[in-house]
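An overview of the molecular structure
Each chain, written out:
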Amino acid sequence: MILFPLHGIVLVTCPPDSKDTCDKDNRECPSRPCPTQNCAENVPGCPTHTCDTGKRECPPQDCKEENLPGYCTEQTRSCTHSGVNYNNGDSWRSVESPCDICQCLDGYVRCEREQCYTPCRNPAAPPPNTCCPVCEGCDVNGHEVPNGAVIPVGDPCEECRCENGNMVCSYVYCPAPSCNNPVYHADECCPRCEQCEYESKVYGNGESFTSKSDPCLQCYCSAGEVFCRNMAASCPTSHCTHPARHRGECCATCNDCQYDQRVYANGVMLRLPGSGPCLHCRCKGGNITCHEKKCPPVHCSNPITHPHLCCPSC
């Protein structure tokens, strides 16, 4: 059964298989009444009906002006959309199509497509039950990327990030290598120094070594650069007056004696620079002890003094 609005009245068309058909003389239809219809369709009932080429005509309902809102006059202006009733002037987003904004206007539903303004090149998908993409993330090849995240592009020399719906890319800056033979890797943009050259010697990446010029320098090779640390401060305190530090060692010990940048073995006799032949010194346990020789009296008028001897002789 189909309802047709026609000049303020509603015509009801009987289906082809219906028995309610008009006769040849266009006389009154059988006693079957019009279908029950509500006030919104302006046809509350069907007190009379006449035949007109197979159609039954139902007169409109008279609505009084003094009716309160929500009744006859108000109901004729309301709308029903997707099973939901709306008052005149209401606006809503269509459930079936979130991009359609609908409004009830005097009993008619009018829907218009929402116009989206998305000021970014890679907007993210619309949130649930909304229409327009948003610039709070990026859509890259169908994958959602959060704002600020790195976007892999397959080129190690190009770095891309998601910035408010835009994929912003820049080329990677490679500093000058600090070695003579840097190594290139397929998945890296910049060459790496996997060896270090220090004091005319080559060391492998991660190798630790002691400086040849200063045994207190403990060095480490890392990505072509040498990092050294002076270990002199960690040497134990020497409990002697002249501790000695041998070549290739960082810390001085009391095993031998050192005086005026010269090392003397433990127990040996030594002559200190600038001292006379009468001063006799010895190294003992890192300490230098000295005593001066006393000369006996000479019994001659012209004693002879030798430069390398302590006492004069006749």
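Structural data are supplied above this passage.
Residues numbered from 1 in each chain as written. Predicted model: local features only at pLDDT ≥ 70, side-chain atom pairs only at ≥ 80, totals over all residues. Heavy atoms only, no water.

**Quick look at the overall build of the protein**
- Scanning the protein from terminus to terminus reveals 1 helix and 24 strands.
- Looking at the protein as a whole, 22% of its 314 residues are labelled buried.
- Summarising the internal contacts of the protein: among those between residues at least 6 apart in sequence, 28% fall at separations of at least 24.
- Working note: accessible area of the protein is about 21800 Å², and carbon and sulfur atoms make up 50% of it. (Helix = DSSP H or I, 4+ residues; strand = E, 2+ residues; numbered from the N terminus. Buried < 20%, exposed > 50% of the residue type's maximum accessible area, 1.4 Å probe, protein only. Contact = heavy atoms within 4.5 Å. Areas by Shrake-Rupley, 256 points an atom, 1.4 Å probe, with all protein chains shown as cover.)

**Focus: the sheet that holds strand β17 (residues 208–210)**
- Read from one edge of the open sheet, 3 strands run β17-β18-β19, paired in antiparallel fashion. Here the strands that pair on one side only, and so sit at the sheet edges, are β17 and β19 (225–230). Looking at each pair of strands side by side, their axes are set apart by 30 degrees on average, direction ignored.
- Where β17 meets strand β18 (residues 217–222), 3 bridges bridge the pair, whose relative direction is antiparallel. Directly across from serine 208, in β18, lies its bridge partner tyrosine 220. (Pairing = 2+ DSSP bridges. Axes fitted to C-alpha atoms, helices over the stretch in contact; angles between N-to-C directions.)

**Describing the sheet that holds strand β9 (residues 108–113)**
- Ordered by their spatial adjacency, 3 strands build an open sheet running β7-β8-β9, and the pairing between neighbours is antiparallel. In this open sheet, the two strands that pair with only one neighbour each are β7 (91–93) and β9. The sheet shows a mean angle of 25 degrees between the axes of neighbouring strands, taken without regard to direction.
- For strand β8 (residues 100–105) and β9, the ladder comprises 6 bridges, and the chain directions are antiparallel. Bridge pairing in β9 links cysteine 104 to valine 109.

**With respect to the pattern of salt bridges**
- By the definition in use, this model includes 5 salt bridges.
- Note that glutamate 112 and arginine 110 form a salt bridge whose closest N and O atoms lie 2.9 Å from each other.
- Connected through shared salt-bridge partners, Glu188, Arg192 and Glu194 make up one network. (Salt bridge = Lys/Arg side-chain N within 4 Å of Asp/Glu carboxyl O.)

**Points about the pairing of strand β24 (residues 287–292)**
- With 6 bridges joining them, strand β23 (residues 279–284) and β24 adopt antiparallel strand pairing. When the bridges of β24 are listed, cysteine 281 appears paired with cysteine 290.

**Quick notes on the nonpolar core**
- The biggest cluster of nonpolar side chains holds 7 residues, and these are Cys257, Tyr264, Leu270, Leu272, Cys281, Cys283 and Ile288.
- Those residues in contact with cysteine 283, other than ones at most four positions away along the chain, are Asp256, Cys257, Tyr264, Ala265, Asn266, Gly267, Val268 and Leu270. (Core = buried A, V, L, I, M, F, W, Y, C linked by side-chain atoms within 4.5 Å.)

**Details of the packing of aromatic side chains**
- With the rule as written, the count across this model stands at 3 aromatic pairs.
- Centre to centre, the rings of tyrosine 86 and tryptophan 92 are 3.6 Å apart; their planes meet at 0 degrees, and the pair counts as stacked.
- Exposure remark for tyrosine 86: the relative accessible area of 17% places this residue in the buried category.
- Note on tyrosine 198 and phenylalanine 209: the rings are 5.7 Å apart at their centroids and 50 degrees apart in plane angle, and the pair reads as tilted. In this pair, tyrosine 198 sits in strand β15 (residues 195–198) while phenylalanine 209 sits in strand β17, placing the two residues 11 residues apart along the sequence.
- Here the aromatic cluster, defined as three or more aromatic residues joined through ring pairs, consists of Tyr198, Tyr203 and Phe209. (Phe/Tyr/Trp six-rings, centres within 6.5 Å; stacked < 30°, edge-to-face > 60°.)

**Concerning the state of the cysteines**
- One pass over the full model with this rule turns up 18 disulfides.
- A sulfur-sulfur distance of 2.1 Å marks the disulfide that ties cysteine 120 to cysteine 135. Taking the sign of the S-S torsion, about -90 degrees here, the bridge from cysteine 120 to cysteine 135 comes out left-handed. Within this pair, whereas cysteine 120 is found in the loop between β9 and β10 (137–140), its partner cysteine 135 is found in the loop between β9 and β10, the two being separated by 15 residues in sequence.
- Among the residues examined, cysteine 120 registers a relative accessible area of 13% and is labelled buried.
- Two residues share a disulfide in this structure: cysteine 138 and cysteine 162, whose sulfurs sit 2.2 Å from each other. Judged by the sign of its S-S torsion, about 90 degrees, the cystine formed by cysteine 138 and cysteine 162 is right-handed. On the criterion of sequence distance, the pair formed by cysteine 138 in strand β10 and cysteine 162 in strand β13 (residues 158–163) is long-range, its members being 24 residues apart.
- Residue classification places cysteine 138 among the buried residues on the basis of a relative accessible area of 0%. (Disulfide = S-S within 2.5 Å.)

**What about the environment of aspartate 214?**
- Relative to the helices and strands, aspartate 214 is located in the loop between β17 and β18.
- Judged by its relative accessible area of 23%, aspartate 214 is partly exposed.
- Along the chain, aspartate 214 and asparagine 230 lie 16 residues apart, while their C-alpha atoms are 9.0 Å from each other.

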